[in-house]
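A closer look at the structure
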Amino acid sequence: MKPDLFQAPDYYLLDDLLSDEHKLVRDAARAWVKRDVSPIIEEYAQKAEFPKQIINGLAEIGGFGPYIPVEYGGAGLDQISYGLIMQEIERGDSGVRSTSSVQSSLVMYPIWKYGNEEQRMKYLPKLATGEFIGCFGLTEPDYGSNPGGMVTNFKDMGDHYLLNGAKMWISNAPFADIAVVWAKNEEGRIYGLIVERGMEGFSTPETHNKWSLRASATGELIFDNVKVPKENLLPNKSGLGAPLGCLDSARYGIAWGAIGAAMDCYDTALRYSKERIQFDKPIGATQLQQKKLAEMITEITKAQLLTWRLGVLRNEGRATSAQISMAKRNNVDMALTIARDARQMLGGMGITGEYSIMRHMMNLESVVTYEGTHDIHLLITGMDVTGLNAFK
């Protein structure tokens, strides 16, 4: 792969809206991606392997639970800092950002918000340093967009719970140390359980032959009469709203992350348009290529403003789930369009591993689907503005 010459676009001078801390956090993540991710990520994507050697670096830049309070091992940063870290990591690769955002929003967040003090102290510091890697079990083979229909269940056996069922499309599963698993009790109420690797009957087979998120480890979670200690149940929230609250945090991070992928594709296409000579002039001097570039930077700028405002609302505790859905849907769709246009601008070179564009495009096909599909988020917005449920 070519050297990482990335220069971040800031057409509307949005840096003026960021604090010095925001810029420090972002620039540290950006420098780490250039140094430790960009030189190796194409190789790992080609061989469909997660580069485990970057876990310590992810922890050092705040990639694991940046908004978790300092007393639990987190950095105590605000929501805009969290978003900027996700943006920079996904600028490197969506699969690496998936590892980070699952650890932060789908594992650390529920333990912090729904767990008790003993659970927080036991797990969060080790998750923050990357000593423990976690995963999140919600999606099942027969229940994706309708997670409330899950069949994974647990029974009270007196001194422990007995967990049975299966989860699918789980990022980090093959090497996770713990899993936050959502299952129904005997009354049909959904709770979160912390399942640890090594518990008898718990297995995590890896999912192979992916064309997307190839540098991310994906797998299943299988529970065959797993004995889960009662102290591993998250006590402070139950019902479908509990895992959906985690997804709000993760989707918010995705809205920022998609901008990173889009910026990388735009920057690559812009540089190529100035260097590639056809008909005795750079292709960037033609109207059709300028149209593509102008539309790219316009959409990136709109997405930057959308996420910045959403970050302010998150910091104030005023952001709604529907607002987060709008940003996730808009920004991932924007990034996919930019990746496709950028690929066309590079012609045949756009499909090679010498450039990042095709990898981003394939990754974004997963991002547009997971944690709420493109169409599901549209229905969430539709229900929010009309007050009418069109889901069924």
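Residues numbered from 1 in each chain as written. Predicted model: local features only at pLDDT ≥ 70, side-chain atom pairs only at ≥ 80, totals over all residues. Heavy atoms only, no water.

As recorded by an unreviewed UniProt entry, the protein chain carries the name glutaryl-CoA dehydrogenase (ETF) and is attributed to Flavobacterium cerinum. The UniProt entry for the protein chain carries the following comment under Catalytic activity (unreviewed entry): "glutaryl-CoA + oxidized [electron-transfer flavoprotein] + 2 H(+) = (2E)-butenoyl-CoA + reduced [electron-transfer flavoprotein] + CO2". Annotation of the protein chain in UniProt includes, under Sequence similarities (unreviewed entry), the sentence "Belongs to the acyl-CoA dehydrogenase family." (UniProt positions renumbered as here; feature names shortened; annotations may be inferred.)

Scanning the protein chain from terminus to terminus reveals 10 helices and 9 strands. At 21 Å, the protein chain has a C-alpha radius of gyration in line with the 21 Å of a compact globule built from 392 residues. If one aligns the C-alpha atoms of the protein chain with their principal axes, the spans along those axes are about 80 × 45 × 40 Å. When burial is assessed residue by residue, the protein chain has 56% of its 392 residues classed as buried. (Helix = DSSP H or I, 4+ residues; strand = E, 2+ residues; numbered from the N terminus. Rg over C-alpha atoms; globule rule 2.2 N^0.38 Å. Buried < 20%, exposed > 50% of the residue type's maximum accessible area, 1.4 Å probe, protein only.)

With that out of the way, let us pick up a nonpolar patch on the surface. Taken together, the side chains of Tyr11, Tyr12, Leu17 and Leu305 make up a nonpolar region of the molecular surface, amounting to roughly 450 Å² of accessible area. Note on placement: Tyr11 falls in the segment before helix H1 (20–46). (Patch = residues over 30% accessible without salt bridge, like charges linked within 9 Å, V, L, I, M, F, W, Y side chains within 5 Å. Areas by Shrake-Rupley, 256 points an atom, 1.4 Å probe, with all protein chains shown as cover. Salt bridge = Lys/Arg side-chain N within 4 Å of Asp/Glu carboxyl O.)

Further remarks concern the UniProt feature "domain: Acyl-CoA dehydrogenase/oxidase N-terminal" (unreviewed entry) in the protein chain. Residues annotated by UniProt as "domain: Acyl-CoA dehydrogenase/oxidase N-terminal" (unreviewed entry) correspond here to residues 19–131. Helix makes up 72% of residues 19–131 and strand 0%, and the two end C-alpha atoms of the span are 31 Å apart.

Here we take up the pattern of salt bridges. Enumeration over the complete set of coordinates arrives at 20 salt bridges. Two residues, Glu117 and Arg120, come together in a salt bridge whose shortest N-O distance is 2.9 Å. Of the two residues, Glu117 and Arg120 are both situated in helix H5 (residues 117–129); the distance of 3 residues between them amounts to about one turn of the helix. Residue classification places Glu117 among the partly exposed positions, given a relative accessible area of 35%. Residue classification places Arg120 among the buried positions, given a relative accessible area of 15%. Residue Arg318 pairs with Glu316 through a salt bridge whose shortest N-O separation is 2.7 Å. Judged by relative accessible area, which is 44%, Glu316 ranks as partly exposed. Ionic contacts of the salt-bridge type, sharing partners, join the residues Asp4, Arg91 and Asp264 into one network.

Between helix H3 (residues 79–92) and helix H4 (residues 94–114), the shortest axis-to-axis distance is 7 Å and the interhelical angle comes to 150 degrees. Judged by the angle between their axes, H3 and H4 are roughly antiparallel. Contact with H3, carried on its side by Tyr82, Met86, Ile89 and Glu90, involves Ser94, Val96, Arg97, Ser100, Ser101, Ser104 and Ser105 of H4 and no other residues of that element. Considered class by class, the residues forming the contact of H3 with H4 number 4 nonpolar, 5 polar and 2 charged. (Axes fitted to C-alpha atoms, helices over the stretch in contact; angles between N-to-C directions. Parallel < 35°, antiparallel > 145°, perpendicular 65-115°, else oblique. Contact = heavy atoms within 4.5 Å. Nonpolar A, V, L, I, M, F, W, Y, C, P; charged D, E, K, R; others polar.)

What follows deals with H4. Of all bends in H4, the biggest is about 35 degrees, found at Met108, and the proline Pro110 comes one to four residues later. Summarising burial for H4: 20 of the 21 residues are buried, a large majority. If you check the start of H4, you find a side-chain oxygen 2.8 Å away from the backbone N of Gly95, and it comes from Asp93. (Bend = angle between axes of the 7 residues up to and from the residue. Polar contact = N/O pair within 3.5 Å; in protein donor to acceptor, adjacent residues only side chain to side chain.)

Turning our eyes to something else, we now look at the side chain of Thr152. For Thr152, the location among the structural elements is in the loop between strand S1 (134–137) and strand S2 (153–156). For Thr152, a relative accessible area of 0% corresponds to the buried category. Among the polar contacts made by the side chain of Thr152, one reaches the side chain of Glu140 at a distance of 2.7 Å. In this structure the side chain of Thr152 is engaged in a polar contact, spanning 3.3 Å, whose partner is the backbone nitrogen of Ala166. Those residues in contact with Thr152 that lie beyond four places of it in its chain are Glu140, Leu163, Asn164, Gly165, Ala166, Lys167, Trp182, Ala183, Lys184 and Phe223.

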